[in-house]
Amino acid sequence: MSILKTLRQKLDDKTMSAVELTTTYLKEIKHKNNLLNAFISVNETKALAHAKEMDDLITKGKATLLTGIPIAHKDNLCTDILTTTCGSKILSNYQSPFNATVVDKLKNQGMTLLGKTNMDEFGMGSTNEHSFFGVVKNPYDLHHVPGGSSGGSAAVVAAGLTPFATGSDTGGSVRQPASFCGITGIKPSYGTLSRYGLVAYGSSFDQVGILAHYAEDCAYLLQAMAGKDKKDGTSIPTDPDFFTKSLQQDLTNLTIGIDGQLLSKLSAEAQTLFQACIAVYQKQGAKIKDIQLPDLQAAVSSYYVLAPAEAATNLARFDGVRYGYRSQHANTLDELYIKSRTEGFGAEVKRRIVIGNYVLAASQYDAYYHKAQQVRAKLKQDLDMIYQNVDMILLPTAATTAPKLGAQKDPVTTYLSDMYTLIANLTGAPAISFPIGQIEHMPFGAQLMANNFQDHLLLQAVCAFQRQTAFHLPQQLLQGVNA
Ligand code: GLN
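Residues numbered from 1 in each chain as written. Predicted model: local features only at pLDDT ≥ 70, side-chain atom pairs only at ≥ 80, totals over all residues. Heavy atoms only, no water.

Peer 1: Sorry if this is basic, but what is going on with helix α4 (residues 101–108) here?
Peer 2: Structurally, the α-helix is built with 3.6 residues per turn, so residues lying three or four positions apart point the same way. Among the residues of α4, those classed as buried are Thr101, Val102, Val103 and Leu106. Residues of α4 that are buried make contact with β2 (70–74), β4 (165–169), β6 (207–212) and α7 (215–225). (Buried < 20%, exposed > 50% of the residue type's maximum accessible area, 1.4 Å probe, protein only. Helix = DSSP H or I, 4+ residues; strand = E, 2+ residues; numbered from the N terminus. Contact = heavy atoms within 4.5 Å.)

Peer 1: For this particular structure, what's the right way to read the pattern of salt bridges?
Peer 2: A side chain with one charge can pair with a side chain of the opposite charge if their charged atoms come near. This model, assessed by the stated rule, comprises 14 salt bridges. The partner of Lys5 in a salt bridge is Glu216, and the shortest N-O contact between them spans 2.7 Å. Here the residue Lys5 occupies a position in helix α1 (residues 3–12), and Glu216 occupies one in helix α7, the gap between them amounting to 211 residues. Since its relative accessible area comes to 38%, Lys5 is described here as partly exposed. The class for Glu216 is buried, based on a relative accessible area of 12%. We note a salt bridge from Asp56 to Lys52, for which the minimum N-O separation is 3.2 Å. Within this pair, Asp56 and its partner Lys52 are both found in helix α3 (residues 44–59), separated by four residues, close to a single helical turn. Asp56 sits in the partly exposed class, given a relative accessible area of 34%. Lys52 gets classed as partly exposed once you look at its relative accessible area, which sits at 46%. (Salt bridge = Lys/Arg side-chain N within 4 Å of Asp/Glu carboxyl O.)

Peer 1: Hey, could you run me through the nonpolar core in this one?
Peer 2: Ranked by internal contacts, the top residues of the largest apolar core, which has 145 residues, are Phe122, Tyr281, Ile393, Leu394, Phe434, Leu448 and Met449. When residues of this core are assigned to their parent elements, the largest contribution, 10 residues, is made by helix α10 (residues 296–314). Counting residues in each nonpolar core, the second largest holds five residues, with Phe180, Ala398, Ala402 and Met442 among its members. (Core = buried A, V, L, I, M, F, W, Y, C linked by side-chain atoms within 4.5 Å.)

Peer 1: Mind showing me how you'd approach the UniProt feature "active site" (unreviewed entry) in the chain here?
Peer 2: When the UniProt feature table is mapped onto this chain numbering, "active site" (unreviewed entry) sits at Lys74, Ser149 and Ser173. Spanning 100 residues, the named residues form one tight spatial group whose C-alpha atoms are at most 11.0 Å apart. For Ser149, a relative accessible area of 1% gives the class buried. Setting aside anything within four residues of it in sequence, one finds Ser149 in contact with Lys74, Asn118, Met119, Asp120, Gly123, Met124, Gly125, Asn128, Ser168 and Ser173. Structurally, the position occupied by Ser173 is in the loop between β4 and α6 (175–180). A relative accessible area of 5% means that Ser173 is categorised as buried. Once you skip the residues sitting within four places of it in the chain, Ser173 turns out to touch Lys74, Gly123, Gly125, Gly148, Ser149, Ser150 and Ser168. Here the side chain of Ser173 touches Ser149 through a polar contact of 2.7 Å, landing on its backbone nitrogen. (UniProt positions renumbered as here; feature names shortened; annotations may be inferred. Polar contact = N/O pair within 3.5 Å; in protein donor to acceptor, adjacent residues only side chain to side chain.)

Peer 1: Quick question: what am I supposed to make of helix α11 (residues 333–344) here?
Peer 2: The end-to-end C-alpha separation of α11 is 16 Å, in line with the 16 Å expected for 12 residues at 1.5 Å each. Looking at α11, one finds that the buried residues are Leu336, Ser340 and Gly344. All buried residues of α11 lie within an arc of 30 degrees about the axis, which places them on one face of the element. Facing away from the buried side of α11 by more than 90 degrees, the exposed set consists of Asp334 and Ile338. (Expected span 1.5 Å × (residues − 1). Arc of directions from axis to C-beta.)

Peer 1: Looking at this structure, how should I read a nonpolar patch on the surface?
Peer 2: A cluster of nonpolar side chains, namely Val321, Leu333, Tyr337 and Ile338, defines an oily patch on the protein surface of about 360 Å² accessible area. Mapped onto the fold, Tyr337 is located in helix α11. (Patch = residues over 30% accessible without salt bridge, like charges linked within 9 Å, V, L, I, M, F, W, Y side chains within 5 Å. Areas by Shrake-Rupley, 256 points an atom, 1.4 Å probe, with all protein chains shown as cover.)

Peer 1: Honestly, the environment of Lys378 in this entry has me stumped. Any pointers?
Peer 2: Within the fold, Lys378 resides in helix α13 (residues 366–386). Residue Lys378 is classed as partly exposed on the basis of its relative accessible area, which comes to 45%. C-alpha of Lys378 to C-alpha of Ala299: the two residues are 79 residues apart in sequence and 10.0 Å apart in space.

Peer 1: What exactly am I supposed to notice about the UniProt feature "domain: Amidase" (unreviewed entry) in the chain here?
Peer 2: Residues annotated in UniProt with the feature "domain: Amidase" (unreviewed entry) correspond here to residues 20–459. The span residues 20–459 is 38% helix and 14% strand, and its two end C-alpha atoms sit 31 Å from each other.

Peer 1: What am I meant to see in the site of the ligand here?
Peer 2: If you check the shell around the ligand, you find 15 residues, and the closest are Thr170, Gly171, Ser173, Tyr201 and Tyr303. Within the contact set of the ligand, an oxygen atom lies 2.6 Å away from a backbone nitrogen or oxygen of Gly171. A distance of 3.4 Å separates an oxygen atom of the ligand from a polar side-chain atom of Tyr304. A total of 300 Å² of accessible area belongs to the ligand in isolation, and the protein chains cover 99% of it. Of the residues in the shell around the ligand, the class split is four nonpolar, eight polar and three charged. (Near = heavy atom within 4 Å. Nonpolar A, V, L, I, M, F, W, Y, C, P; charged D, E, K, R; others polar.)

Peer 1: Whenever I open this one, the packing of aromatic side chains confuses me. Can you help?
Peer 2: Per the counting criterion, the structure on display carries 17 aromatic pairs. With a centroid separation of 6.4 Å and an interplanar angle of 90 degrees, the aromatic rings of Phe318 and Phe345 are classed as edge-to-face. With Phe318 in the loop between α10 and α11 and Phe345 in the loop between α11 and α12 (347–360), this pair connects stretches of sequence that are 27 residues apart. Looking at Phe318, the relative accessible area reads 3%, which means it is buried. By relative accessible area, Phe345 is classed as buried at 5%. Note on Tyr358 and Tyr368: the rings are 5.8 Å apart at their centroids and 55 degrees apart in plane angle, and the pair reads as tilted. Taken together, the residues span a long stretch of sequence, with Tyr358 in helix α12 and Tyr368 in helix α13 at a distance of 10 residues. One cation-aromatic arrangement involves Lys89 over Tyr325; the distance from NZ or CZ to the ring centre is 4.9 Å. (Phe/Tyr/Trp six-rings, centres within 6.5 Å; stacked < 30°, edge-to-face > 60°. Lys NZ or Arg CZ within 6 Å of the ring centre and 35° of its normal.)

Peer 1: How should the packing of helix α9 (residues 268–283) against helix α16 (residues 455–468) be read in this particular structure?
Peer 2: Between two packed helices, what matters for the description is the angle formed by their axes and the separation of those axes. Taken N-terminus to C-terminus, the directions of α9 and α16 make an angle of 100 degrees; their axes are 10 Å apart at the nearest point. With respect to their mutual orientation, α9 and α16 come out roughly perpendicular. Along its contact with α9, which presents Cys277, Val280 and Tyr281, the element α16 presents Ala461, Val462, Phe465 and Gln468. For the contact of α9 with α16, the class distribution of residues is six nonpolar, one polar and no charged. (Axes fitted to C-alpha atoms, helices over the stretch in contact; angles between N-to-C directions. Parallel < 35°, antiparallel > 145°, perpendicular 65-115°, else oblique.)

Peer 1: Is there a simple way to think about the pairing of strand β7 (residues 255–258) in this case?
Peer 2: The side chains of a regular strand alternate, residue by residue, between the two faces of the sheet. With burial as the criterion, each face of β7 is covered, one bearing Thr255 and Gly257 and the other bearing Ile256 and Ile258. With four bridges joining them, β7 and strand β8 (residues 287–290) adopt parallel strand pairing. Considered in β8, the bridge of Thr255 is made with Lys287. Note that β7 and strand β9 (residues 392–396) share three bridges and pair parallel. Bridge pairing links Ile258 to Leu394 in β9. (Pairing = 2+ DSSP bridges.)

And the structure:
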């Protein structure tokens, strides 16, 4: 039985109260977060009071599916309690006056906030080594990164410090850390979840996602957050069963596309795991078809022009005047802007701002920004052709398991490691990463991607896989390890 269902049952039959449940997780956080550095803030004071209120609702028979269930939010989702830092010095004391729409929706349905999770600054990074609040460690091996940018969220779900966490995915930041930490992570179709109150990185790419052990739980949490929001013009209306409608269906009507050439470039160990994964799908009646994916290197080039361009624009608002960090060393207004930003942003964010402004400069616009938009449009056309023959595409989430801390020194190598995830963001498509085994004791994930608004098919396919396999089940991690 999934974690959500198990917890719901315990709360409803009163084998456990919401206060006890929240206390258990807060204790785990207290004992283990110092090893992981995965929470930026913990909701020690208000979480128990909230859980108490939820117990009253449960007693009155007014519980919904999520009443009294704890969750952690990535620290780029605005919350009206705790700070919202985005992993940056520039927002290190920022207190949002409001909740993001998705945060409000989960709160209104009774979820208790445990804390806010560490992340690469403003979502820029793939290892969680670019946070003002320090590096996050992988609970499978503390010498390895958890992935990024939602590395804190992935680490705390994997290590059992929270049952679920939100993340955000601009170029793979939910799926890649999910793969590195042995859990399930989904980025839904662009538009299905409101971005209001998600601090913007690349607005045409950003989407909120969920990290959990079971795909089934991802489906119910996404459903609880989905829908049209008048505060986000890009959000769309979704049916009440948009994500959950086919979770229990078998796979006999589904065709999965596989790019054999692409898979053949993976390590022998990774190929073996993929073969086993494909065999599980075939056994369940899914049809497998050969496809040829478009050039994923072009996707990397396009993304690393467009995302910095959008980031440079979005991050212009952090000027030391309106909110956030303000330099104490400035004598003029110009100096205030320059010094606040120089002191407040980390190196990777500055790199992106420089790249973004360069590609948007009038003299460079045609060579970079315009070209990258053309590549983006072409990728969508190529995928649309592929989806005429298949329902979804199976590909790696990342080529490897989690690298060691400090191993990725050159930014371009890190950018290239996002090769398999960026295409979903460039095309607005839904994609999910799920564990398919381990390589040298570190988890390894596969990714399924479908055409826009076919999210339910992905959830159906991963649920079916998880009914037959055990890779997603919670593991006893960090036993007997000392800080
Ligand atoms: N690694 C990618 C980047 O640095 C994606 C990050 C994300 O999805 N937020 O831009």
